[in-house]
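# Structural description and commentary
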Amino acid sequence: MRVEITVNGQAHSREIEPRLLLVHFLRDTLSLTGTHVGCDTSSCGACTVLLDGEAVKSCTVLAAQADGLAVTTVEGLAGEDGLSPVQEGFRQCHGLQCGFCTPGMVMAATALLAENPDPTEQEIRGGLKGNMCRCTGYQMIVESVQWAAANGGAK
């Protein structure tokens, strides 16, 4: 089947198998490898992207379901001025260790700040609860989101 999906502001029209997952469309068809495959069970959140502005786990969405919609991946967050505030927050506050979960965390945090530009620590923790990090105790991730909220939010 043919799908038309806008990814990071660029329209893409491709023939795909109806069973193709969005994560594999992004990684294998478009070579956007920032979206990670961590568990294939929707438990870890490493594959989180924005689908029409809403955070979704792309391992649970068929590419066909994204037909006609807009997808934003971690590659699409940085602008002409550099990193997005959330990306910069993770850099400034050392919100990563191995980095495997970071793209999904950044996307979930971006969606959270778009909905709630001034979240409490508990709201940040709640907003990231579907994303797992095996390396950190989450405190620096929370601090990264707090930094982003204070420095431009979800731009």
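Keep in mind the model is a prediction, meaning the values are calculated, not measured. (Residues numbered from 1 in each chain as written. Predicted model: local features only at pLDDT ≥ 70, side-chain atom pairs only at ≥ 80, totals over all residues. Heavy atoms only, no water.)

## A few points about the sheet that holds strand 5 (residues 70–72)
Taken in spatial order, the five strands make up an open sheet running 2-1-5-3-4, and their pairing is mixed. Lying at the two open borders of the sheet, with one neighbouring strand each, are strand 2 (10–15) and strand 4 (54–57). For this sheet, the mean inter-axis angle between neighbouring strands, taken without regard to orientation, is 35°. As judged from the six bridges shared by strand 1 (residues 2–7) and strand 2, these two strands associate in the antiparallel manner. When the bridges of strand 2 are listed, Thr6 appears paired with Ala11. Of the strands in this sheet, strand 1, strand 2, strand 3 (48–51) and strand 5 are in contact with helix 1 (residues 22–29), which crosses strand 1 at around 75°. The sheet strands contacting helix 3 (residues 102–115) are strand 3, strand 4 and strand 5, and the helix crosses strand 3 at an angle near 35°. (Pairing = 2+ DSSP bridges. Helix = DSSP H or I, 4+ residues; strand = E, 2+ residues; numbered from the N terminus. Axes fitted to C-alpha atoms, helices over the stretch in contact; angles between N-to-C directions. Contact = heavy atoms within 4.5 Å.)

## Some words on the side chain of Asn131
Within the element layout of this structure, Asn131 appears in the loop between helix 4 (121–127) and helix 5 (139–150). Exposure remark for Asn131: the relative accessible area of 7% places this residue in the buried category. In terms of polar contacts, Asn131 uses its side chain to reach the side chain of Thr48, at 3.4 Å. (Buried < 20%, exposed > 50% of the residue type's maximum accessible area, 1.4 Å probe, protein only. Polar contact = N/O pair within 3.5 Å; in protein donor to acceptor, adjacent residues only side chain to side chain.)

## A closer look at the domain arrangement of the protein
Splitting the protein by domain gives domain 1 (2–76) and domain 2 (85–150). With 17 residues of domain 1 at the contact, the number on the domain 2 side is 13 residues. Summed over both partners, the interface of domain 1 with domain 2 buries about 1,100 Å², with 64% contributed by carbon and sulfur atoms. Three residues stand out in domain 1 for area buried against domain 2, namely His36, Cys44 and Val74, and they jointly supply 39% of the buried area on that side. Remark: the boundary between domain 1 and domain 2 carries zero salt bridges. Taken together, the links from domain 1 to domain 2 amount to six residue pairs in polar contact (both at pLDDT 80 or more). Of all the secondary structure elements, the ones that give two or more residues to the side of domain 1 that touches domain 2 are strand 3 and strand 4. (Domains from an automatic or database assignment. Buried area = accessible area lost by both parts, 1.4 Å probe. Salt bridge = Lys/Arg side-chain N within 4 Å of Asp/Glu carboxyl O.)

## Structural notes on the pattern of salt bridges
Taken as a whole, this structure holds three salt bridges when the rule is applied. The shortest N-O distance in the salt bridge between Glu88 and Arg91 comes to 2.8 Å. Of this pair, Glu88 and Arg91 both sit in helix 2 (residues 85–92), three residues apart, which is roughly one turn of that helix. By relative accessible area, which is 16% here, Glu88 ends up buried.

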